[in-house]
Amino acid sequence: MSYNIVWGSYFYWRYKIPNFNEFLSKIETYTEKDIDNTKFNWGNACESDKILLAPEDWQSLMQPSLDLLSEDICRNFGYKKLPYNYLMLNPWINFYKRNQYQEIHNHVENSLVCVMFFNKGPDFSSFYFYDRNNTCLDEDMKQLLQYTNHHHVDYKAGDVIFFPGHMLHGVTPHKSDEVRKTFSGNFNLVTDKRLWHI
């Protein structure tokens, strides 16, 4: 007998950003003067500062991380070549100051979400996933299985994660005076070669 997982629709990939120093150098060209939260049609339920970016300005920097993802998928699922292209949409930079946070949300309209972490320190906020099906087990089963409804990603500066857009996630309140910096982007899987892709 064995413990079997029926559906594996909750997962994420984590890698070291291959070109971290180059990516960080470009991130650091942006300052608080570039923040414009009015360019986002979301964010009313959170406290964070954001900078909207143009996808075409970041395609070459994203490519090494996307190559790691493609190689991983092909190796684990037996593809000789990934049958899709990645269409990158509306990337942005997040600045988290003291007490700022991101509410639980998803990006269900997108195939994949990317988050890159550029710094980490004492009292930094934590990125976590939240189980939308947390009410499916009664309290006795939760205790028996040592179940928790959230999973905090143990990231380090220089890490990138990719995960399906349907997964609920958030960021806990930031408790440091050092500004926490991340880069985020959404991707769709496309086969139309007429679309811009990386």
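Placed above this text is the structure.
A few points on the structure. Just so we're clear, the structure is a prediction, and the values are computed from it rather than from any experiment. (Residues numbered from 1 in each chain as written. Predicted model: local features only at pLDDT ≥ 70, side-chain atom pairs only at ≥ 80, totals over all residues. Heavy atoms only, no water.)

### Considering the packing of aromatic side chains
- Under the counting rule described, the total for this entry stands at 18 aromatic pairs.
- For the ring pair F20 and F118, a centre distance of 5.9 Å and an interplane angle of 20 degrees mean the geometry is stacked. With F20 in helix α1 (residues 20–27) and F118 in the loop between β5 (112–117) and β6 (127–130), this residue pair connects regions lying 98 residues apart in the sequence. The pair F20 / F118 is uniform in exposure class, with both members buried. (Phe/Tyr/Trp six-rings, centres within 6.5 Å; stacked < 30°, edge-to-face > 60°. Helix = DSSP H or I, 4+ residues; strand = E, 2+ residues; numbered from the N terminus. Buried < 20%, exposed > 50% of the residue type's maximum accessible area, 1.4 Å probe, protein only.)

### A few points about the sheet that holds strand β7 (residues 150–152)
- Taken together, the four strands give an open sheet; going across it, the order is β4-β9-β6-β7, and neighbouring strands pair in antiparallel fashion. Sheet topology places β4 (102–105) and β7 at the edges, where each strand pairs with a single neighbour. Each strand of the sheet is rotated relative to its neighbour by a mean of 20 degrees, with strand direction disregarded.
- As paired elements, β4 and strand β9 (residues 168–171) share two bridges and run antiparallel to each other. (Pairing = 2+ DSSP bridges. Axes fitted to C-alpha atoms, helices over the stretch in contact; angles between N-to-C directions.)

### So, the environment of N188
- If you trace the backbone, N188 turns up in strand β10 (residues 180–190).
- For the pair N188 and Q143, spaced 45 residues apart in sequence, the C-alpha to C-alpha distance is 38 Å.
- If near-sequence neighbours (up to four positions away) are discounted, N188 is found in contact with N85, Y86, L87, L89, E109, N110 and S111.
- In this structure the side chain of N188 is engaged in a polar contact, spanning 3.3 Å, whose partner is the side chain of N110.
- A polar contact is formed between the side chain of N188 and the backbone nitrogen of S111, at a distance of 3.1 Å. (Contact = heavy atoms within 4.5 Å. Polar contact = N/O pair within 3.5 Å; in protein donor to acceptor, adjacent residues only side chain to side chain.)

### Some details on the pattern of salt bridges
- Tallied over the full model, the rule gives seven salt bridges.
- Between D49 and K97 there is a salt bridge, with its nearest N and O atoms 3.1 Å apart. Of this pair, D49 sits in strand β2 (residues 49–52) while K97 is found in the loop between β3 (85–96) and β4, placing the two residues 48 residues apart along the sequence.
- In this structure, D154 and K120 form a salt bridge, with 3.6 Å as the shortest nitrogen-oxygen distance. Here D154 is found in the loop between β7 and β8 (159–164), whereas its partner K120 is found in the loop between β5 and β6, with 34 residues between them in sequence. (Salt bridge = Lys/Arg side-chain N within 4 Å of Asp/Glu carboxyl O.)

### Considering α1
- For α1, the set of buried residues is F20, F23, L24 and I27. Down the axis of α1, the smallest arc covering the buried residues is 100 degrees, so these residues share one side. Residues N21 and E22 are exposed on α1 and point more than 90 degrees away from its buried face.
- On the buried face of α1, the contacting elements are α2 (59–77), β3, β5 and β10. (Arc of directions from axis to C-beta.)

### A look at empty space enclosed by the protein
- Applying the stated criterion to the full structure yields one cavity of 30 Å³ or more.
- By volume, the largest cavity is sized at about 160 Å³.
- N94, Y96, V115, F127 and S184 are the residues nearest the centre of the largest cavity, which is lined by 17 residues in total.
- In terms of residue class, the lining of the largest cavity is built from eight nonpolar, eight polar and one charged. (1 Å grid on protein atoms, 1.4 Å probe; cavity = no way out; pocket = protein on both sides within 12 Å on 5 of 7 lines; lining within 4 Å. Points joined across faces, edges and corners; volume = space filled by probe spheres on them. Nonpolar A, V, L, I, M, F, W, Y, C, P; charged D, E, K, R; others polar.)

### Section: the layout of surface pockets
- Volume-wise, the largest pocket comes out at about 710 Å³.
- Where the lining of the largest pocket is concerned, the elements lending two or more residues are β6 and β7.
- Per-class residue counts for the lining of the largest pocket are 14 nonpolar, seven polar and one charged.

### Quick word on the pairing of β3
- Counting buried positions along β3 yields ten of twelve residues, so the element is predominantly enclosed.
- In this structure, β2 lies alongside β3, joined through four bridges in antiparallel fashion. Directly across from L52, in β3, lies its bridge partner W92.
- Strand direction decides the pairing type here: β3 and β10, joined by ten bridges, are antiparallel. Across the sheet, M88 pairs through a bridge with F187, a residue of β10.

None of the figures reported here should be taken as evidence of function without further support.
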